[in-house]
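Reading the structure
The lines below spell out each chain.
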Amino acid sequence: MQSFNPPVRTLMGPGPSDVHPRILSAMARPTIGHLDPAFVGMMDEVKTMLKHAFQTENAMTMPVSAPGSAGMETCFANLVEPGDKVVVCINGVFGMRMKENVERAGGVCVEVHDDWGKAVSPEKVEETLAANADAKILAFVHAETSTGACSDAKTLCEIARKHDCLTIVDAVTSLGGVELRVDEWGIDAIYSGTQKCLSCTPGLSPVSFSEKALDKVRNRKTKVQSWFLDLNLVMGYWGQGAKRAYHHTAPINALYALHESLVMLHEEGLENAWARHKSMHDKLKAGLEEMGIGFVVDEDIRLPQLNSVWIPEGVDDAAVRSELLNTYNLEIGAGLGDFAGKVWRIGLMGFSAKEENVLFCLSALKKVLNK
Ligand SMILES: *Cc1c(COP(=O)(O)O)cnc(C)c1O
C-alpha cells in the first residue's frame, strides 16, 4: 500500500464541484478540540454566515455533520410524526427520496407528480392541499439536480401557508447558485449540501428551521426515532450561548473548510454569486447550441448550475464520458433514472462556474464528438 494521490480533474457534473485551493488548505489546519473556545467561536461564525447564505434570521441554522441526505433525513425525522400526512412533490429523483423519508418516519405520503424536467405545478399542489385538509407538511425540491428544473419555492410556500402546512424544502443544489430567501419566502425547514454551489468538500449539510418548525419538534408526542439527528439533542451542541454540551465529535477540519467557503461567498457577495452562475450558464448555452445540442428544461425554469442536455442521436453516452474523463480529466454527469443514456448533466457549480471551465468543456466535448 502507498499514499493515495487522486488525479486532478475538472468537476463539471452534478456535484461534487471543484474545490478552491483556499478551502483545501483550510482543511489542513491543525485539529483542535470540538469544545475548544476557539473552535466554538468559529462555529458561531459558520452559523452567522450560513444565516446570510440562506437569507434567514432563524437561530437554528447550522450544518449537520453528514452529507445532504442527512440534512434531508434531519428535516423529515424531526418534523414528521407517525400518522402525519405529508404532501410530497415528485418531479425527479430527489422528490422520490422525500417520499421514502416520510414513510420511514411513519408518515402518510400524498404524492403530487410532475414530469421529469418540469417544475412542480402550483395548481396541482393547491388542488391536493385543498383535497387533504388534514395535511401537515408540504415538501418539495427547489432545484431538482436529476433534471435541472427549478421550482417556484416562493409560490409553493405561500400555498402551504394558506393551508396551514409547514414546508420542507430541498435546497442542496440551489444554495449559493440561484436566488433563495428563506425568511421572505416563509420556508420552515430547509437543507442543503456543501459540495454543490458552495464548492466545499462533501460531507456537511447546512440546515435551517423556523420557530414554527421548532415548536413542532419540541412538542412531539413521540421521540425522534433517530438519536443522532434529533434536533432536541443537537441543539445542545450547536445551540445559542457559550455553554455547549457534547453530543458528537464535530468533523472539525471539514468545518474549517465550510467556514472558508462561506468567507469566500461573502467576499464575492451572495447576489454576485447568483449572477455569476447565470452568466456562465449563458456562455455554455451559446456554445452548446452552436454544436446543435439542445436543453431538456424550458429556459424560464432552467437551473444555471445544472445543465441537462439531450445526447445527440447516435452518440455513445458512456464512451464520450469516459473519453472526457480519461483524455481530458473532465467529469460531466450521466442522466439518472428515466434520463439514463439520454441526457448529460453539465454542472456549473460554485468554483466550477467560471469561464475557463466553460471554454474547456465546450472544446473537449467538440473534439470527442467530432471523432
Ligand atoms: C446532491 C443532492 C442531494 C443529496 O446530497 P448528498 O450530499 O449526496 O447526500 C439531495 N438533494 C439534491 C437536490 C441533491 O442535488
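Quick caveat: nothing in here was measured; it's all calculated off a predicted structure.

Section: the overall build of the chain
Assigned secondary structure in the chain consists of 13 helices and 13 strands. Relative to a compact globule of 371 residues, whose C-alpha radius of gyration would be 21 Å, the chain shows 21 Å and is just as compact. When the backbone C-alpha atoms are referred to their principal axes, the chain occupies close to 65 × 55 × 40 Å. Across the 371 residues in the chain, those meeting the buried criterion constitute 58%. Contacts spanning at least 24 positions in sequence make up 71% of the contacts within the chain whose residues lie at least 6 apart.

Topic: the UniProt feature "binding site: substrate" (unreviewed entry) in the chain
Here the UniProt-annotated "binding site: substrate" (unreviewed entry) positions come out as R345. Note on R345: relative accessible area 6%, which makes it buried. A polar atom in the side chain of R345 sits 2.8 Å from the backbone oxygen of T145.

With respect to the pattern of salt bridges
Throughout the structure, instances matching the rule amount to 21 salt bridges. Here K85 makes a salt bridge to D134, at a shortest N to O gap of 3.1 Å. Linking K85 in strand 3 (residues 85-90) with D134 in the loop between helix 5 (122-131) and strand 5 (135-141), this pair joins segments that are 49 residues apart in sequence. Assessed through its relative accessible area of 18%, K85 is described here as buried. Residue classification places D134 among the partly exposed positions, given a relative accessible area of 47%. Each member of the salt-bridge network shares a partner with another, and the members are R22, R29, E260 and E267.

Considerations on the site of the ligand
In the vicinity of the ligand, the residues found are P67, G68, S69, F94, A143, T145, D170, V172, T173, Q195 and K196. In the environment of the ligand, an oxygen atom lies 2.9 Å from a nitrogen or oxygen atom belonging to the backbone of G68. The separation between an oxygen atom of the ligand and a polar side-chain atom of T145 is 2.3 Å. If the ligand stood free it would expose 380 Å²; the protein chains cover 89% of that surface. Taken together, the residues of the shell around the ligand break down into 4 nonpolar, 5 polar and 2 charged.

A word on helix 13 (residues 355-370)
Compared with the 22 Å implied by 1.5 Å per residue over 16 residues, the 23 Å span of helix 13 between its first and last C-alpha is a close match. When helix 13 is considered as a whole, its buried residues turn out to be N357, V358, C361, L362, A364, L365 and V368. Looking at the buried side of helix 13, the elements it contacts are strand 1 (10-12), helix 11 (270-290), helix 12 (317-328), strand 12 (330-334) and strand 13 (343-347).

A short note on the side chain of D84
Counting through the fold element by element, D84 comes out in the loop between helix 3 (68-79) and strand 3. What makes D84 buried here is its relative accessible area of 5%. Looking at D84, its side chain comes within polar contact range of the side chain of K216, at 2.6 Å. Here D84 is in contact with L79, G107, V108, K136 and K216, once residues within four sequence places are set aside.

Overview of the layout of surface pockets
In this structure, the largest pocket encloses a volume near 420 Å³. The wall of the largest pocket is formed by 19 residues, among which C150, V178, D300, I301 and R302 lie closest to the centre. Listed by contribution, the elements that provide at least two residues to the lining of the largest pocket are helix 6 (153-162) and helix 11. When residues in the lining of the largest pocket are grouped by element, the largest group, 3 residues, is from helix 11. Here the lining of the largest pocket is built from residues that sort into 8 nonpolar, 3 polar and 8 charged.

Focus on the packing of helix 5 against helix 6
With their axes 10 Å apart at the nearest point, helix 5 and helix 6 run at an angle of 15° to one another. In terms of their interaxial angle, helix 5 and helix 6 are classed as roughly parallel. The handedness of the crossing between helix 5 and helix 6 comes out as right-handed. Here P122, V125, E126 and L129 of helix 5 come into contact with helix 6, specifically with T155, L156, I159, A160 and K162. A class-by-class count of the residues in the contact of helix 5 with helix 6 yields 6 nonpolar, 1 polar and 2 charged.

Focus on the nonpolar core
By size, the foremost hydrophobic cluster in this structure holds 97 residues, and its most contacted members are F39, F76, L79, V125, I168, F209 and L262. Counting residues domain by domain, this core receives three or more from each of domain 1 (10-15 + 270-370) and domain 2 (22-266). Leaving out residues up to four positions away in the same chain, V125 has contacts with C89, V112, V120, L138, L156 and I159. Ranked by size, the runner-up nonpolar core spans 22 residues in total, among them M12, F295, V309 and L362.

Re the sheet that holds strand 12
Within a beta sheet, neighbouring strands are joined by backbone hydrogen bonds and run either parallel or antiparallel to one another. Read across the open sheet, the 4 strands follow the order 1-12-13-11; overall the sheet is mixed. The open sheet has two edge strands with one neighbour each: strand 1 and strand 11 (306-310). Across the sheet, the mean angle separating the axes of adjacent strands is 30° when strand polarity is ignored. Note: strand 12 against strand 13, 2 bridges, orientation antiparallel. Directly across from G333, in strand 13, lies its bridge partner R345.

Rules of the game
Going along each chain's sequence as written, the residues are numbered from 1 onward. At least 70 in pLDDT is required for a residue's local features to be given in this predicted model, at least 80 for side-chain atom pairs to be given and counted, and no such filter applies to totals for whole chains, interfaces and linings, which use all residues. Heavy atoms throughout the structure, all of them, feed into the side-chain values; hydrogens and water do not. Every helix listed is a DSSP run of H or I at least four residues long, and every strand listed is a run of E at least two residues long, numbered separately from the N terminus. Within these notes, the globule rule equals 2.2 Å times the number of residues to the 0.38 power, and the radius of gyration is based on C-alpha atoms. The classification of residues rests on relative accessible area computed with a 1.4 Å probe and restricted to protein chains. Under 20% of the type maximum is buried, over 50% is exposed, and intermediate values are partly exposed. Residue contacts are counted whenever heavy atoms from the two residues lie within 4.5 Å of one another. UniProt positions are given in the numbering used here, feature names are shortened, and annotations may be inferred rather than shown by experiment. Within 3.5 Å is the distance limit for a polar contact, defined as a pair of N or O atoms, with the added protein rule that one can donate a hydrogen and the other accept it, and that residues adjacent in sequence qualify only through two side-chain atoms. Definition used for salt bridges: Asp or Glu carboxyl oxygen within 4 Å of a side-chain nitrogen of Lys or Arg. Think of it this way: one heavy atom of a residue within 4 Å of a molecule or strand is enough to make that residue near it. Here the open area of atoms and residues is found with the Shrake-Rupley method and a 1.4 Å probe, where only the protein chains shown may cover a residue. Just so you know the grouping, Ala, Val, Leu, Ile, Met, Phe, Trp, Tyr, Cys and Pro go in nonpolar, Asp, Glu, Lys and Arg go in charged, and all remaining residues, Gly too, go in polar. In a helix, the anticipated span is given by 1.5 Å times the number of residues less one. Detection works on a 1 Å grid of protein atoms alone, calling trapped sets that fit a 1.4 Å probe cavities and calling open sets with protein on both sides within 12 Å along at least five of seven lines pockets, with lining residues defined by an atom within 4 Å of a point. Grid points are joined across faces, edges and corners, and a volume is the space filled by probe spheres set on the points. Angles run from 0 to 180 degrees between N-to-C directions of axes, and those axes are lines fitted to C-alpha atoms, restricted for helices to the stretch in contact. Roughly parallel means an angle under 35 degrees; roughly antiparallel, over 145; roughly perpendicular, 65 to 115; everything else is oblique. Crossings are assigned a handedness: left-handed for a near helix turned anticlockwise from the far helix by less than a right angle, right-handed for a clockwise turn. Here the nonpolar core consists of buried residues drawn from Ala, Val, Leu, Ile, Met, Phe, Trp, Tyr and Cys, with membership extended through side-chain atoms lying within 4.5 Å. The source of the domain bounds is an automatic or database domain assignment. Between any two strands, at least two bridges found by DSSP are needed for them to pair.

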